[in-house]
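Structural characterization, general
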Amino acid sequence: MSYNDDAVLAKLSALSEAADSIVTVAQWIMFHRRHADRTVQLWLQRLKDSTSHKRLNLIYLANEVAQQTKARNRDDFVVAFSPIIAEAVATAYKGASTDVQQRIMRVVEVWRERNVFEKPILTAIEARVHEIDQVRGTAKAGLGGSIFGAAPIPSELAPLTAPQQNVTKLLHSTKTTVSSANQEYDKLMGPESLVPTAPVYAARLSGLLKTLAQAEGAVDQCVKARRELVAALQKVLDTNRNALISEEDLLETCLRRRMEVEEKKTEVERAIMAGLPNDEPYSSGNGLNDHLDPEPDRPEVEALTPPAADLPEHTDPAGRTEEHWPSNASQEPTPQQSSTQDMETHPCLPTQFKSVPTSANGSKKRKLDDTNDFPDLGEDDGIDADVAEMLRRDSNGS
């Protein structure tokens, strides 16, 4: 069967879920790999017009074609599927039953494990499916916490998806075109190339010019796509740089406020330790010392030693006061001198109570009057005359 749109649509319509049917159609499509771009466009159109179960079979067909061509080191269909595979998976996933959705996600997981498509393509698929789940309110988590075991793409990176997909698509085609142009150039212009006749050589040079022009155009498109991607990345970078500046300022503010609160907390704790009442509000305007109770005055303590009594100044027989005595007066007097001084100082004391000299061994003996047993108390000391007479008689009789 020759290749045309009707033939492709007929093959896709006859596709069933049987493995033989999928393999047969995949072999026919890979045989016409020169029409890979057109076949993929017809495949997407048929997928959009099909039912949910039929869409799953078409996903299986795309998986078979992509993996087989990838294994044979042919990227024709991988390059053709890359720009539209995210849209196709989202179309098949949306509105499908839970069982069909799980099977679709299993296919995408296989693509990730075997590196069938590049990571930006798989990330774009994940983003589309995650948006569908959010709209339905049933965000689903697949293997490893997400549908692919990876985190969903952030919304801030969504503008990078389309430029990256365009670069990926152009990069594969550019490599093929440049490789072909380099081979033809080596054949005609290489050091080991054989120069044919002039007409043939001119014709081959004309063909080489066309090939190099195609390669130049492919590289130019790739450069433009790459510049768009870099511009998108620059916007994301500028946005994050501005956000970083704001966050650093916010961090400095938070740090300054935390230190301020810590200082205030330390001040209040010191006030509590200093005796601030619990029911009294803390006032930072007056300062910490305003809440401290004044220290009471120290009580007056009576001295243990009483003050010395005022004694009259002693005068010597010459009429000189103590402060005019000779310097030897401060020396300690002997016992005999001390007794003589006491008698001179207190002449009114009776002789019985006057100090007596001590013996050599230090024992004291009282000096008594030989004539009377009783000491003379001086005069009558207020004793009745009869009583005094009786006492005298008793004394004489004894």
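In what follows, the structure referred to is the one given above.
First things first, this report covers the structure right here in the doc. Just so you know, the residues in each chain are numbered from 1, in the order the chain's sequence is written. Local features in a predicted model are, by the rule used here, given only for residues with pLDDT of at least 70; side-chain atom pairs are given and counted only at 80 or more, and totals for whole chains, interfaces and linings are based on all residues. Hydrogen atoms and water are omitted, and side-chain values are computed over all heavy atoms in the structure.

Looking at a nonpolar patch on the surface
Defined as follows: Residues qualify for a patch when their relative accessible area is over 30% and they have no salt bridge, like charges being joined within 9 Å and the nonpolar side chains of Val, Leu, Ile, Met, Phe, Trp and Tyr within 5 Å. Note that accessible areas follow from Shrake-Rupley with a 1.4 Å probe, and for residues the cover is restricted to the protein chains shown. The salt bridge definition used is simple: a Lys or Arg side-chain nitrogen within 4 Å of an Asp or Glu carboxyl oxygen. Helix and strand definitions here come from DSSP, where helices need a minimum of 4 consecutive H or I residues and strands a minimum of 2 consecutive E residues; each element is numbered from the N-terminal end.
Together, Y185, M189 and L212 line one region of the surface with nonpolar side chains, adding up to about 260 Å² of accessible area. Topologically, Y185 is positioned in helix 9 (residues 161–189).

Comments concerning the pattern of salt bridges
Opposite charge on two side chains makes pairing possible when the charged atoms of those side chains draw close. Put simply, the rule is: Partly exposed describes any residue whose relative accessible area lies between the buried limit of under 20% and the exposed limit of over 50%, with all areas from a 1.4 Å probe on protein chains only and scaled to the type maximum.
Applying the stated rule across the entire model yields eleven salt bridges. Note that E262 and R258 form a salt bridge whose closest N and O atoms lie 2.8 Å from each other. Placement of the pair is E262 and R258 together in helix 10 (residues 198–273), with a separation of four residues, close to one helical turn. On the basis of relative accessible area, E262 is assigned to the partly exposed category, the value being 40%. A single network of salt bridges, built from pairs that share partners, joins E389, R392 and R393.

Description of the packing of helix 2 (residues 19–31) against helix 4 (residues 52–71)
As a reminder of what qualifies: Every axis in this analysis is a line fitted to C-alpha atoms, fitted for helices over the stretch in contact. Angles between the N-to-C directions lie between 0 and 180 degrees. An angle counts as roughly parallel when it lies under 35 degrees, as roughly antiparallel when it exceeds 145, as roughly perpendicular when it falls between 65 and 115, and as oblique in every other case. Two helices crossing with the near one rotated counterclockwise from the far one by less than a right angle form a left-handed crossing, whereas a clockwise rotation gives a right-handed crossing. The contact rule is simple, with two residues in contact once any of their heavy atoms fall within 4.5 Å. Charged means Asp, Glu, Lys or Arg here, nonpolar means Ala, Val, Leu, Ile, Met, Phe, Trp, Tyr, Cys or Pro, and polar covers whatever is left, Gly included.
Two numbers describe how helix 2 lies on helix 4: the axes approach to 9 Å, and their chain directions differ by 55°. Accordingly, the angle class assigned to the pair helix 2 and helix 4 is oblique. In this structure, the crossing between helix 2 and helix 4 has a hand that is right-handed. Facing helix 2, whose interface residues are I22, V23, V25, A26, I29 and M30, helix 4 presents Y60, L61, E64, V65, Q68 and T69. When the residues that make up the contact of helix 2 with helix 4 are grouped by side-chain class, the tally is nine nonpolar, two polar and one charged.

With respect to the packing of aromatic side chains
The condition that has to hold: Only Phe, Tyr and Trp rings take part, Trp by its six-membered ring, and two of them pair if their centres are within 6.5 Å. Stacked means planes under 30 degrees apart, edge-to-face means over 60, and tilted covers everything else.
For the structure shown, the criterion picks out four aromatic pairs. Here W43 and F81 contribute two aromatic rings whose centre-to-centre distance is 5.1 Å and whose plane-to-plane angle is 90°, an arrangement assigned as edge-to-face. Of this pair, W43 sits in helix 3 (residues 36–48) while F81 sits in helix 5 (residues 76–81), and the two are 38 residues apart along the sequence. Of the two residues, W43 and F81, both sit in the buried class.

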